Amino acid sequence: MEQRLEIVTKYLSGQDSLTQLSKEYGVSKSALKSWYHRYESKGIDGLRKTHKNKKYDPKFKLEMVHKVLSGEIGLCECCREFNLPSPSILSNWVETLIIVGKVF
């Protein structure tokens, strides 16, 4: 967690870009973005590693997907507002609804 905080702090201070930090620490840019967004919404607790995959109610998933697809709210904003750990989770729900026709 200390390294995550160090990286986010450097990014927030404007010392380095995500690309520079990604190369320096050997961490993907998408992981760095996720840490940044979690830090923004939850503070230092957002940088702790989680070992459980949270299960979401299908009605909740569908509601979030509709908010994004209708343009009511952006993907990242939706994740922050509704405490979703990463935009990729919501992206997967959107993709599943479009391809399969329902969210599991």
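Being a predicted model, the structure only gives us computed values, none of them experimental.

Brief notes about the state of the cysteines
Part 1 of the reasoning: In total, this model carries 0 disulfides according to the counting rule given.
Part 2 of the reasoning: Cysteine Cys-76 shares no disulfide, and the gap to the nearest cysteine sulfur, in Cys-79, comes to 6.4 Å.

Quick notes on empty space enclosed by the protein
Part 1 of the reasoning: Tallied over the full model, the rule gives 1 cavity of 30 Å³ or more.
Part 2 of the reasoning: Contributing elements (two or more residues each) for the lining of the largest cavity: helix H3 (29-42) and helix H5 (75-81).
Part 3 of the reasoning: Looking at which element gives the most residues to the lining of the largest cavity, the answer is H3, with 3 residues.
Part 4 of the reasoning: Taken together, the residues that form the lining of the largest cavity break down as 4 nonpolar, 3 polar and 2 charged.

Thresholds, definitions, all that
Residues numbered from 1 in each chain as written. Predicted model: local features only at pLDDT ≥ 70, side-chain atom pairs only at ≥ 80, totals over all residues. Heavy atoms only, no water. Disulfide = S-S within 2.5 Å. 1 Å grid on protein atoms, 1.4 Å probe; cavity = no way out; pocket = protein on both sides within 12 Å on 5 of 7 lines; lining within 4 Å. Points joined across faces, edges and corners; volume = space filled by probe spheres on them. Helix = DSSP H or I, 4+ residues; strand = E, 2+ residues; numbered from the N terminus. Nonpolar A, V, L, I, M, F, W, Y, C, P; charged D, E, K, R; others polar.

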